[in-house]
Amino acid sequence: LGAGPEPWFIVQSNYEPWQPDPLSDPRRSAAIASLRQFGQPAATSPLGLFAVLSAFPVNNPNTAYTTVMRPASGEVHAFVRDASCPETRADAPFPDPRYCQRDAVEGVPRQGAEQPSLV
């Protein structure tokens, strides 16, 4: 399947695989780190793989969909995503103002922000 020290997975993003991730978009690096941390038995289970693909910043407010493909069987699973932000930007593993931009949208309260009273 893959080449290099982890031949059991391939992580594809919007960037050429032989070039490093841009600092502004660490999704591929984060996914690779999570797969390595989980290890092959856990990461290749449906739950483990979905956990990797659902973790921030792999899944972030700019993620439209996630697709999982299994070439051996021809299976394709696509998920439309509604990502959530970490509680604070400081809690993000890769703090970056590009993520959670909806915090700045007028009329949309930030997560953890006090809600206005309706009285």
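Residues numbered from 1 in each chain as written. Predicted model: local features only at pLDDT ≥ 70, side-chain atom pairs only at ≥ 80, totals over all residues. Heavy atoms only, no water.

Participant: Just to check I follow, could you spell out unusual backbone geometry for this structure?
Facilitator: In this chain, Phe56 is followed by Pro57 through a cis amide linkage whose omega measures 5 degrees. You can see Pro57 is positioned in the loop between α3 (46-54) and β1 (65-70). (Helix = DSSP H or I, 4+ residues; strand = E, 2+ residues; numbered from the N terminus.)

Participant: I'm lost on the packing of aromatic side chains in this one. Help?
Facilitator: We describe a pair of aromatic rings using the distance from one ring centre to the other and the angle between the two ring planes. What the rule picks out here adds up to 2 aromatic pairs. Ring centres of Trp8 and Phe9 lie 4.7 Å apart, and the angle between their planes is 80 degrees; this geometry places the pair in the edge-to-face category. In this structure Phe9 comes out as buried when scored by relative accessible area, which is 11%. When the centroid spacing of 5.1 Å and the interplanar angle of 65 degrees are considered together, the rings of Phe50 and Phe79 count as edge-to-face. In this pair, Phe50 is assigned in helix α3 and Phe79 in strand β2 (residues 75-80), connecting sequence segments 29 residues apart. Residue Phe50 is classed as partly exposed on the basis of its relative accessible area, which comes to 33%. (Phe/Tyr/Trp six-rings, centres within 6.5 Å; stacked < 30°, edge-to-face > 60°. Buried < 20%, exposed > 50% of the residue type's maximum accessible area, 1.4 Å probe, protein only.)

Participant: Is there a simple way to explain the pairing of β2 in this structure?
Facilitator: Residues in a regular strand point their side chains to alternate faces of the sheet. The element β2 is barely covered by neighbouring structure, given that only 0 of its 6 residues are classed as buried. As defined by bridge partners, β1 adjoins β2 across 6 bridges and the pair is classed as antiparallel. Bridge pairing in β2 places Arg70 opposite Glu75. Between β1 and β2, which pair antiparallel one after the other, the connecting turn spans 4 residues, and Gly74 there sits at a positive phi close to 80 degrees. (Pairing = 2+ DSSP bridges.)

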